[in-house]
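Per-entry structural report
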Amino acid sequence: MEKFTYLTEEGLKKLNDELDHLIAVERPNISRQIAEAREKGDLSENAEYDAAKEAQGLLELKISKLQETIKNARVLDKSQLQSDVVQILSKVTIQNQKNKAKMTYSLVAESEANLKEGKISIETPIAKGLLGKKVGDLVKIKIPAGEIEFKILDISI
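What counts, and at which threshold
Residues numbered from 1 in each chain as written. Predicted model: local features only at pLDDT ≥ 70, side-chain atom pairs only at ≥ 80, totals over all residues. Heavy atoms only, no water. Helix = DSSP H or I, 4+ residues; strand = E, 2+ residues; numbered from the N terminus. Rg over C-alpha atoms; globule rule 2.2 N^0.38 Å. Buried < 20%, exposed > 50% of the residue type's maximum accessible area, 1.4 Å probe, protein only. Contact = heavy atoms within 4.5 Å. Areas by Shrake-Rupley, 256 points an atom, 1.4 Å probe, with all protein chains shown as cover. Lys, Arg positive; Asp, Glu negative; His and termini not counted. Charge placed at Lys NZ, Arg CZ, Asp CG, Glu CD. Pairing = 2+ DSSP bridges. Core = buried A, V, L, I, M, F, W, Y, C linked by side-chain atoms within 4.5 Å. Expected span 1.5 Å × (residues − 1). Bend = angle between axes of the 7 residues up to and from the residue. Axes fitted to C-alpha atoms, helices over the stretch in contact; angles between N-to-C directions.

**Examining the overall build of the protein**
When helices and strands are tallied, the protein shows three helices and seven strands. Ordered by position from the N terminus, the helices and strands of the protein form the series β-α-α-β-β-β-β-α-β-β. The C-alpha radius of gyration computed for the protein amounts to 22 Å, which surpasses the reference 15 Å derived for 157 residues by more than 25%, pointing to a less compact arrangement than a globule. Projected onto its principal axes, the C-alpha positions of the protein cover 70 × 35 × 30 Å. Taking all 157 residues of the protein together, the buried fraction comes to 32%. Contacts in the protein between residues at least 24 apart in sequence constitute 51% of all its contacts with a sequence separation of at least 6. If you sum the accessible surface of the protein, you get close to 10100 Å²; carbon and sulfur atoms cover 51% of it. Here the protein contributes 25 positive and 26 negative side-chain charges, whose respective centroids are spaced 9 Å apart.

Quick look at the structure:
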């Protein structure tokens, strides 16, 4: 079963740029390292060769995973989204009911998550707990430290 990844146009561009870099820059670098290590003679005791081959395997795995993510990507059109319920790409302002701290998060695909920018993955416990909820709803979310109750103050796109 295919698992779709929902991305913004910027998120898809970022993944494509990363893939291009891996293929155009990183792959030739590793091939060069392997060739240099091969020139040094006996491969059975050549740690440089082994390390370069391992790095090549990891790089190819990363390229393969990125290609799969891009292939299964669906670009979301923000104009088609509504702000009456929390969904992917929603910007949600919540308030911790215990300490009254307010936080605003944008719910994004895992590949676009960046806590410094206030973007959290749709796969996180907080995002999962907020999905489908409306302004004014109280939501109890289980986190590793226990359970926290949040009130949804605002939803926007």
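**Notes on the pairing of strand β6 (residues 138–143)**
Alignment of β6 against strand β7 (residues 146–156), held across six bridges, turns out to be antiparallel. For K140, the partnering residue across the bridge sits in β7 and is E149.

**Points about the nonpolar core**
Core analysis: the largest hydrophobic core is formed by 19 residues, its most contacted members being V86, V92, I94, L107, L130 and I152. Contributing elements (two or more residues each) for this core: β3 (91–96), β4 (102–108), α3 (125–130), β6 and β7. When neighbours within four sequence positions are excluded, I94 is seen to be in contact with A101, K102, M103, Y105, I126, L130, F150, K151, I152 and L153. Listed in part, the 16 residues of the second largest apolar core include L7, L12, L19 and L59.

**A few points about helix α1 (residues 9–39)**
The terminal C-alpha atoms of α1, which comprises 31 residues, lie 44 Å apart, in line with the 45 Å expected from a rise of 1.5 Å per residue. Along α1, the sharpest change in direction is near 35° and occurs at L22. Looking only at α1, the buried set comprises G11, L12, L15, L19, L22, I30, I34 and A37. On its buried side, α1 packs onto β1 (5–7), α2 (47–71) and β2 (73–75). Looking one or two places after α1, you find G41, whose phi comes out positive at around 105°.

**Details of the sheet that holds strand β5 (residues 119–121)**
Across a sheet, strands are paired by hydrogen bonds formed along the backbone, either parallel or antiparallel in direction. Pairing in this open sheet of five strands is mixed, and the strands run β5-β4-β3-β7-β6 from one edge to the other. This sheet does not close on itself; its edge strands, each paired only once, are β5 and β6. On average, adjacent strands in this sheet sit at an angle of 45° to one another, irrespective of strand direction. Relative to β5, β4 is paired through three bridges, and the arrangement is parallel. Among the inter-strand pairings, S106 is bridged to a residue of β5, identified as K119.

**Comments concerning the environment of S83**
Along the chain, the position of S83 falls in the loop between β2 and β3. What makes S83 partly exposed here is its relative accessible area of 38%. C-alpha separation for the pair S83 and D154, spaced 71 residues apart in sequence, amounts to 8.9 Å.

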